[in-house]
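These are the residues of each chain, in order.
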Amino acid sequence: PLAKALMATAARPDAEEQNLLTASYECINGLISSSAKDSMKTVKEMIPHIIDRLKASIQKTKGKDGPNVSTHILVQALLCGTLQTCVQKLPLQDMQPMMDS
């Protein structure tokens, strides 16, 4: 529930203000990094949501320019960092079904 609330916070329209966006993803990464083995299912379930957000952000920036693009690039970087944290935390056998999909 906490990771879900942080993801919702990062998606708020005012998330760019006061470093809320960055802080939300840093907290998510901290939760994932320090999660116990019994939380691996939750970490694994987060991956499709992170990828969906990343895809949506990439679609919004295709062929565009301007101040909103820099925000989307920041979001993409934060999502990639969170995805990397998930991949590093999960055992290989949990990751294999998601590879190349």
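Residues numbered from 1 in each chain as written. Predicted model: local features only at pLDDT ≥ 70, side-chain atom pairs only at ≥ 80, totals over all residues. Heavy atoms only, no water.

**Notes on the state of the cysteines**
Scanning the model with the defined rule gives 0 disulfides in all. Looking at Cys80, it has no disulfide partner, and the nearest cysteine sulfur is the one in Cys86, 12 Å off. You can call Cys80 partly exposed: its relative accessible area is 40%. Owing to a relative accessible area of 0%, Cys86 belongs among the buried residues under this scheme. (Disulfide = S-S within 2.5 Å. Buried < 20%, exposed > 50% of the residue type's maximum accessible area, 1.4 Å probe, protein only.)

**Section: unusual backbone geometry**
With a phi angle near 55°, Gln18 is a residue other than glycine that sits in the positive phi range. Following the sequence through the fold, Gln18 ends up in the loop between α1 (2-10) and α2 (20-33). Positive phi, normally seen in glycine, also occurs at Asn19, with a value near 60°. Of note, Asn19 is situated in the loop between α1 and α2. What makes Asn19 exposed here is its relative accessible area of 57%. (Helix = DSSP H or I, 4+ residues; strand = E, 2+ residues; numbered from the N terminus.)

**Description of α1**
Looking at α1, one finds that the buried residues are Ala3, Leu6, Met7, Thr9 and Ala10. Projected onto a plane normal to the axis of α1, the buried residues spread over an arc of 160° and lie on a single side. (Arc of directions from axis to C-beta.)

Interpretation note: all reported values are geometric properties and have no functional meaning in isolation.
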